[in-house]
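Listed below, chain by chain, are the residues.
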Amino acid sequence: MTLYSLDGQVFVDDIVKGSPADKSGLKNGDFVMGIDNNFTGNLEVYKNLLQQTGYRIGILIMRDNKPSLIYMRIGRIR
C-alpha cells in the first residue's frame, strides 16, 4: 500500500493483493481521514503509524462520500 498526498489530502494507492491493506478492505483511491485517532492529515505521520508491525490500527476513510472505519493488522506480506 502506498499513501500519497494531493491538495493536502491523503489517499490510498497501490494495494498489493494479499497484503494486510487488501485483507482489511482498503481500496485504491480511499481518502484517509485518520489513523489510530490521529487526524492530522499529515502524510509523514500516517506513514510512521503504518510502520508499527504487529499492531492493529483503525483507519477512518471516506469512500463514495461515506465514512467507514477499517481495522488492519500491520504486518509483512508473505
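Below, the structure is looked at part by part.

Cut-off values and rules
Residues numbered from 1 in each chain as written. Predicted model: local features only at pLDDT ≥ 70, side-chain atom pairs only at ≥ 80, totals over all residues. Heavy atoms only, no water. Phe/Tyr/Trp six-rings, centres within 6.5 Å; stacked < 30°, edge-to-face > 60°. Helix = DSSP H or I, 4+ residues; strand = E, 2+ residues; numbered from the N terminus. Lys NZ or Arg CZ within 6 Å of the ring centre and 35° of its normal.

### A few points about the packing of aromatic side chains
- If you walk through the whole model with that rule in mind, you get 2 aromatic pairs.
- On the basis of an interplanar angle of 45 degrees and a centroid distance of 5.7 Å, the ring pair of Phe11 and Phe31 is categorised as tilted. Note that Phe11 is positioned in strand 2 (residues 9-13) and Phe31 in strand 3 (residues 31-35), a separation of 20 residues in sequence.
- Grouping aromatic residues by their ring pairs yields a cluster made of Tyr4, Phe11 and Phe31.
- The ring of Tyr71 has Arg56 lying over it, and the distance from NZ or CZ to the ring centre is 4.2 Å.

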